[in-house]
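The lines below spell out each chain.
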Amino acid sequence: MSSVKKVWVFAEKQDALAQLCAGAAQLGQEVSAVVLGTKDEAEKMIKLSADKVYWLGNPKPEKMLEDYVETIADLLKKERPHLLLIQPSKRGMLIAGRLAAGLGTSVLVDASELISADESIHSTHMVYGGAAFRKEKALTETTIATVGAGVYTALPEDPARQGEVIEVAFVEPAIKIKRTGKKVKESVSVNLNLAKRIVSVGRGFKNQADIKMAEELAGLMEAEVGCSRPVAEGLNWLPIERYVGISGAIVKPELYLAVGISGQVQHMVGISQSRVIVAINKDKQAPIFKQADYGIVGDLNKVLPLLIEKFKARKQ
Amino acid sequence: MKVIVCYKIVPEEQDIVVLKDRNLSFDRAEWKIGEFDLNAIEAGMQIAGAAGGNVTALSIGGKKLESSKLKKAVLSRGPQDLYLVIDEQIGEADSFLTALALKGAIDKMGSYDVVLCGEGSSDLYAKQVGSQLGQLLNVATINAVSKITPDGDQLIVERTLENEVEILEITLPAVISVTTDINEPRIPGMKEIMAAGKKPVTQWSIADIGLQKSAKSTEIISTLAPEQADRKQIILEGESEEVVEKLFENICSELH
């Protein structure tokens, strides 16, 4: 039996909360979900392996999720769980940090693995742009960890499960941030994380117009177009949703074709799980070649047109 | 408007060497300002440019911070002065201890309107210090800010979340963490680098800021490079028809 008793979960989205619930059930003896949502959503968490639900009530349009930090902080101090798992969305990261600081502790961030060992929680997460994985352990009574999508798989609903839903009174925050408006994010709908093939462009492209070649090749290969950070941030040649790397998309396609990308560590961490890596770069010393399966040391402006011709011929 | 910009110095990623036992060596690493902190420094300069006021830079860390090159690197980007808290043990501080040290320094520095942090440090990328610092200072705290517009005694900011951008009014003082695409950080010229050498630098120890060597809340067990995937390493040279044909065949052999 695990030495960790009370594990709590909190997430912005219900599907993430269900995943964290499953993880909490593996790690601890008693699972509690902190839920801002409808009563039905709160009760659903019992079926998804929570023993208790701390129900913050129905969402209110005038309140931000962050307005509940004081309410959750009070609960933590009163109930003293051993572990709180939080979804690392932008809001989740802010809330995790504020709760941790309130308790006088750090956050074990972006845990790819959590285990309970010698009376404490051990986490594994990526550091130095993916150059290494760090194992850390928490030394405090309550540990806060953020766990991303895919680490745990949600359990199927069990309608027979019984649990308790506890309604929690709202604690008014001392400092309020006023939301005056919302804009739909200008974004293209790309999901590089799920792409099977990716043709990715980097600074080796000297003109924005040349990216057309990569787009044409991607079309022929039935691939998505990705890019390195400077192409999306700085040059703004491609939307940010196409950026692959540590602070962008972490991809795992069957085939990743990097064109004009030197392969800095921050980029490589985003692509290291690709099954096959192909590189085209004119610099023989580019680090990308050290981690490529296939490659050409050559000028992309000469190689790409030839490659496009060959894929066109193959289609016919 | 009195702006404080926080930054961390980090080892140059390309200089990190993976040893045989998969530990990392930083012995040959150059140190630099964290890449994402450059956005915080630039955002500070733009706020002061728009609203008037001044920008002070602040960092905590080990002895590497004393390098005059690194001091010039931050001051040449615009801040009028620099505060450093230097202690060898604090170089490896976790996010809470880092936030606590920054709070200690800021309390001692006096009044401020805005503290800016980057999205995360480019070495550990925990994306935590700004949120924790704001809580410790007990002021308005927000992250993921992609646009800042000064408006009288408050700031109007845009915050870029996963699926939407929200517009917020932030009362001051506040701690704000900015995104990596909020601006294009300036590249200082020779004139700015020369002038940076003359700007005042205040150096404190952790005792000066009243920080007890408090117990760490986390302990590092190990930091090891991942086992590398075996790659085929079939690299050709040149742009001839034959070379491209070979690459084409190689790619096709992997497409199912």
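Structure: above.
Because the structure is a prediction, the values reported are computed rather than measured. Per chain, residues are indexed from 1 in the order of the written sequence. Whichever chain is written first is A, and whichever ligand is written first is 1; the rest continue in order. Whole-chain, interface and lining totals are the exception, using all residues; otherwise, since this is a predicted model, local features are given only for residues with pLDDT of at least 70 and side-chain atom pairs are given and counted only at 80 or more. Calculation of side-chain values draws on the structure's entire complement of heavy atoms; hydrogens and water are dropped beforehand.

Draft legend 1. Spatial organisation of the sheet that holds strand β5 (residues 107-108) of chain A. Residues and elements named next belong to chain A. Spatial strand order, β5-β9-β4-β1-β2-β3-β10: 7 strands in an open sheet with parallel pairing. Edge positions in the sheet fall to β5 and β10 (164-167), since each has one partner strand and no second. Strand direction decides the pairing type here: β5 and strand β9 (residues 143-146), joined by 2 bridges, are parallel. Directly across from L108, in β9, lies its bridge partner A145. Pairing between strands is defined by DSSP: at least two bridges between the two strands are required. In DSSP terms, a helix is any run of H or I states spanning at least four residues, a strand is any run of E spanning at least two, and both are numbered starting from the N terminus.

Draft legend 2. How the structure looks around the packing of helix α4 (residues 90-103) of chain A against helix α4 (residues 129-137) of chain B. An axis is simply a line fitted to the C-alpha atoms; with a helix, the fit covers only the stretch in contact. Between two such axes, the angle follows the N-to-C directions and lies from 0 to 180 degrees. Two elements in contact, α4(A) and α4(B), have axes separated by 7 Å at closest approach and are oriented at 45°. Looking at the two axes, α4(A) sits oblique to α4(B). Classified by chirality, the crossing of α4(B) by α4(A) is right-handed. Within the contact between the two elements, α4(A) uses M93(A), L94(A), G97(A), R98(A), A100(A), A101(A) and G102(A) and α4(B) uses S131(B), Q132(B), Q135(B) and L136(B). Amino acids are sorted into nonpolar (Ala, Val, Leu, Ile, Met, Phe, Trp, Tyr, Cys and Pro), charged (Asp, Glu, Lys and Arg) and polar (every other residue, Gly among them). Taken together, the residues of the contact of α4(A) with α4(B) sort by class into 5 nonpolar, 5 polar and 1 charged. Note that the term roughly parallel is reserved for angles under 35 degrees, roughly antiparallel for angles over 145, roughly perpendicular for angles of 65 to 115, and oblique for everything else. What makes a crossing left-handed is the near helix being turned counterclockwise from the far one by less than a right angle; a clockwise turn instead makes it right-handed. Only heavy atoms enter the contact rule, under which two residues are in contact if any of them lie within 4.5 Å.

Draft legend 3. Representation of the interface of chain B and chain A in the model. Taken together, the contact pairs 84 residues of chain B with 85 residues of chain A. Summed over both partners, the interface of chain B with chain A buries about 7,800 Å², with 56% contributed by carbon and sulfur atoms. On the chain B side of the contact with chain A, R231(B), E239(B) and L255(B) bury the most area, a combined 9% of that side's loss. The salt bridge definition used is simple: a Lys or Arg side-chain nitrogen within 4 Å of an Asp or Glu carboxyl oxygen. At the surface where chain B touches chain A, the tally comes to 12 salt bridges. Buried area is understood as the total, over both parts, of accessible area removed when two parts are fitted together, assessed with a 1.4 Å probe.

Draft legend 4. Representation of the sheet that holds strand β8 (residues 114-117) of chain B. Spatial strand order, β11(A)-β11(B)-β10(B)-β9(B)-β12(B)-β8(B)-β1(B)-β6(B)-β7(B)-β13(B): 10 strands in an open sheet with mixed pairing. Either end of the sheet is taken by a strand with one partner, and the two such strands are β11 (178-184) of chain A together with β13 (201-204) of chain B. The sheet shows a mean angle of 35° between the axes of neighbouring strands, taken without regard to direction. Its contacts with the sheet place helix α1 (residues 37-51) of chain B against β1 (2-6), β6 (54-61), β8, β9 (140-151) and β12 (174-178) of chain B, and it is angled at close to 170° to β1(B). Strands in contact with α4(B) are β1, β8, β9 and β12 of chain B; relative to β12(B), the strand with the most contacts, it is inclined by about 175°.

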